[in-house]
Protein chains: 2
Amino acid sequence: MTLDQIKAPIADELDEFETRFRESMRSKKAPLLDKITWYIVQRKGKQVRPMLVLLSARLFGPINNGSYVAASLVELLHTASLVHDDVVDDANERRGFFSINALWKNKVAVLVGDYLLSQGLLLSVRENQYRMLEMVSRAVQELSEGELLQMEKARRLDIKEDIYFEIIRQKTASLIAAACSAGAISTAQSEEQIQTMWKFGEKTGMAFQIRDDLFDFGADDVGKPLGIDIKEKKLTLPLIYALDNASKAEKKHIMNLVKNHSHKPDKVAEVIEFVRNSGGIPYSKKVMEGFRQEALDLLQTLPDSPARQALAELLVFVTERNK
Amino acid sequence: MTLDQIKAPIADELDEFETRFRESMRSKKAPLLDKITWYIVQRKGKQVRPMLVLLSARLFGPINNGSYVAASLVELLHTASLVHDDVVDDANERRGFFSINALWKNKVAVLVGDYLLSQGLLLSVRENQYRMLEMVSRAVQELSEGELLQMEKARRLDIKEDIYFEIIRQKTASLIAAACSAGAISTAQSEEQIQTMWKFGEKTGMAFQIRDDLFDFGADDVGKPLGIDIKEKKLTLPLIYALDNASKAEKKHIMNLVKNHSHKPDKVAEVIEFVRNSGGIPYSKKVMEGFRQEALDLLQTLPDSPARQALAELLVFVTERNK
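Residues numbered from 1 in each chain as written. Chains lettered and ligands numbered in written order. Predicted model: local features only at pLDDT ≥ 70, side-chain atom pairs only at ≥ 80, totals over all residues.

> What am I meant to see in the overall build of chain A here?
Along chain A, the regular secondary structure elements total 15 helices and zero strands. For chain A, whose C-alpha radius of gyration is 20 Å, the value lies close to the compact-globule estimate of 20 Å for 323 residues. Seen along its three principal axes, the alpha-carbon backbone of chain A occupies a region of about 60 × 50 × 30 Å. Within the span of chain A, comprising 323 residues, buried residues form 50% of the whole. At a minimum sequence separation of 6, the contacts of chain A that also span at least 24 residues come to 75%. (Helix = DSSP H or I, 4+ residues; strand = E, 2+ residues; numbered from the N terminus. Rg over C-alpha atoms; globule rule 2.2 N^0.38 Å. Buried ≥ 20, exposed ≤ 12 C-beta atoms within 10 Å, placed from the backbone. Contact = placed C-beta atoms within 7 Å.)

> What exactly am I supposed to notice about the interface of chain A and chain B here?
Size of an interface: often given as the accessible area lost when the parts come together. At the junction of the two partners, chain A supplies 41 residues and chain B supplies 41 residues. Counting residues per element, the ones that place at least two in the side of chain A that touches chain B are helix H3 (31-42), helix H5 (65-93), helix H6 (100-126) and helix H7 (130-156) of chain A. By residue number, the principal contributor to the side of chain A that touches chain B is H6 of chain A, which donates 15 residues.

> I keep staring at the nonpolar core and nothing clicks. Help me out?
Within soluble globular proteins, side chains that are nonpolar tend to cluster in buried spots. In terms of nonpolar packing, the biggest core is built from 198 residues, with Val136 and Ala182 of chain A together with Val136 and Ala182 of chain B touching the most fellow members. Discounting residues that sit within four places of it in the chain, valine 136 of chain A has contacts with Leu73, Val74, Leu77, Ala178 and Ala182 of chain A. (Core = buried A, V, L, I, M, F, W, Y, C linked by C-beta atoms within 7 Å.)

> Could you clarify how one ought to interpret the environment of histidine 263 of chain A in this entry?
Within the secondary structure, histidine 263 of chain A is located in the loop between helix H12 (248-261) and helix H13 (265-276). Here the alpha-carbon distance between histidine 263 of chain A and glutamate 232 of chain A, two residues 31 residues apart in the chain, equals 8.7 Å.

> Help me understand helix H4 (residues 48-58) of chain B in this model?
In an α-helix, one turn spans 3.6 residues, which is why side chains three or four residues apart end up on the same side. Counting buried residues in H4 of chain B gives nine out of eleven residues, a clear majority hidden from the surface. By the burial criterion, the buried members of H4 of chain B are Pro50, Met51, Leu52, Val53, Leu54, Leu55, Ser56, Ala57 and Arg58 of chain B.

> Before we go on, may I ask you to explain the relation of the copies chain A and chain B in this structure?
Here two copies of a chain appear, and what relates them is a rotation about an axis with a shift along it. Expressed as a screw transformation, the operator carrying chain A onto chain B has a rotation angle of 180° and an axial translation of 0.0 Å, and the superposed copies differ by an RMSD of 0.1 Å. Considering both components of the superposition, the chain copies are consistent with a two-fold axis. In this assembly the copies share their binding face: 100% of the residues contributing to the interface of chain A also contribute to that of chain B. (Least-squares fit on C-alpha atoms with pLDDT ≥ 70 in both.)

> Please clarify how unusual backbone geometry should be interpreted in this entry.
Excluding glycine, a negative phi dihedral is what most residues carry, and trans is how most peptide bonds are arranged. Phi at asparagine 128 of chain A takes a positive value of approximately 55°, unusual for a residue other than glycine. Turning to its location among the elements, asparagine 128 of chain A is positioned in the loop between H6 and H7. Even without being glycine, glutamine 47 of chain B reaches a positive phi, approximately 60°. One can find glutamine 47 of chain B in the loop between helix H3 (31-42) and H4.

> Whenever I open this one, the environment of valine 316 of chain B confuses me. Can you help?
All names here are of chain B. Residue position: valine 316 is located in helix H15 (residues 306-320). For valine 316, a count of 14 C-beta atoms within 10 Å puts it in the partly exposed group. Separated by 315 residues in sequence, valine 316 and methionine 1 have C-alpha atoms that sit 9.4 Å apart.

> Just checking my understanding: could you explain the packing of helix H12 (residues 248-261) of chain B against helix H13 (residues 265-276) of chain B for this structure?
Between two packed helices, both the angle of their axes relative to each other and the distance between the axes serve to describe the pair. Residue and element names in this part refer to chain B. Their axes nearest at 10 Å, the elements H12 and H13 cross at an angle of 145°. The interaxial crossing formed by H12 with H13 has left-handed handedness. Residue-level contacts link Ile254, Leu257, Val258 and His261 of H12 to Lys267, Glu270, Val271 and Phe274 of H13. Across the contact of H12 with H13, the residue classes break down as five nonpolar, one polar and two charged. (Axes fitted to C-alpha atoms, helices over the stretch in contact; angles between N-to-C directions. Left-handed = near helix turned anticlockwise from the far one by under 90°. Nonpolar A, V, L, I, M, F, W, Y, C, P; charged D, E, K, R; others polar.)

> So what exactly am I meant to see when it comes to the packing of helix H9 (residues 191-215) of chain B against helix H14 (residues 280-300) of chain B here?
All names here are of chain B. It is the contact of H9 with H14, at a shortest axis distance of 8 Å, that shows an interaxial angle of 160°. As the angle between them shows, H9 and H14 are arranged roughly antiparallel. Helix-helix and strand crossings are classified by hand; for H9 and H14 the assignment is left-handed. Touching Thr196, Lys199, Phe200, Lys203, Thr204, Met206, Ala207, Ile210, Arg211 and Leu214 of H9 are Ile281, Ser284, Lys285, Val287, Met288, Phe291, Arg292, Glu294, Ala295, Leu298 and Leu299, all from H14. Taken together, the residues that form the contact of H9 with H14 break down as twelve nonpolar, three polar and six charged. (Parallel < 35°, antiparallel > 145°, perpendicular 65-115°, else oblique.)

What follows is the structure, given as structure tokens:
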């Protein structure tokens, strides 16, 4: 199924969301801000997050003003976190040094991120959507906590499967859980429905992140550069599995490569090869499919509807995507 | 009057605030975060902002749980903005280049700022303090908008007095206005009282920022380095006044120095000298005193009390401070 087919039950609503979202970013005072947010809107992605919000809402009733607030809030906060991520991405592109120009962008990125965050807050406070706000605020908190935890662990190369799951739950799954449950809040008839969508989002987010981490080892030929996580000393599931199942000597050797030689492309390639030969890729795929199945099982507890079918298709699309 | 004397009417409450504030920053999950927030608490400043919140609350009744929430919210968001500022300050110290170490701190600074922001949100949502949250969120939005506007204007060196006032209102006065009115919300009996404290905070913030901008020209011997704003091509009130009152040729010469030579200490010194000879310093002091008087007049509309006296003293202390 194509993404457009999956979008069908909420196609008009996604357009309406797009209009409102653009409006929600506008600044009357700082023209530079308008230029940057316009740029952000132009390079919008596959709209997976707004789709998750609106489809989660549509499960329990017609999409209403609260559903749009939820979608805008989630997208504003997600965009803010992407813009803040750029602070570091810029750095990578320039091999550890900033040009003055990049520096300027750096400060701008921090400020634009803060601006988008506060726009999200103001929108939800103005619309009296406090419960959504709490859910999404907690997700933002977990996101920053998760990233910091990952950086700390990366420095020490000290990471086990349970910590990996905790990190990806915080840095990815919690915002997707917030997205699905915020959508549900706008239309749900019961607390149970909201909780189901929280869990659905959490499982979906876990599957999503494991899929993403698999790309780093070339698990599928998607044309993405490989070994970025290794370069940053981020230990993800395929490598954690491979290390757990290696001989002591092999483990020591690979850890040394990651720790001291991850800036050398041939050493990164050696780590990737080690993971590919270890069974870490099929293992991680299986774990990913486990989370996906849990998410699908949760959907099955709800009455059948075009929105439910679309959510299931979206889940499959996102976890089997080739880009 | 010393700061300790001014603090007297709320000394115990400031201690209680300090305990709660530390608690509000704690992370159970990321030890690195705890280390950094501990560092932040250690280097706490003069506590002007919590004093403004708690004294504004004390004007209308005994300090209560809501007053502490207001103080913590304001301080969390203020701290977040300071941490985000560090992203750029680090850069300045390193002459335009980041070491890998500084880069790491850079990413950490962005994430820690986001974490503190979301802690502030969660605190106020949990305590059902939505009105405070809206006020402070708007202040955060204005703060980022104001900084971006200033950067944009700095690039073009295009700034008049009215734009200067708009910038400092956004980047400084609006958070102080939010601080004073958030304090008032916790105890006020009427909407009018809350509005009075908003205006009081705004005028106080304007006076505060003009005072700060005067330091850059050595208006008082406070041992601070001079010409930092000029180096960053930030046109502040003393320089704007001096340019407005200069001959066409002189203006062109000074603008050229700021635009193309602000990295040279002797040229910065020449600009400072030009401002000192222009009458820009007494003019700016007069404007600053005008805002302070407006703030004091607003206080006079409220019944006399130890809190009111302390606020007036604090205002004088802050605007006449020699450091």
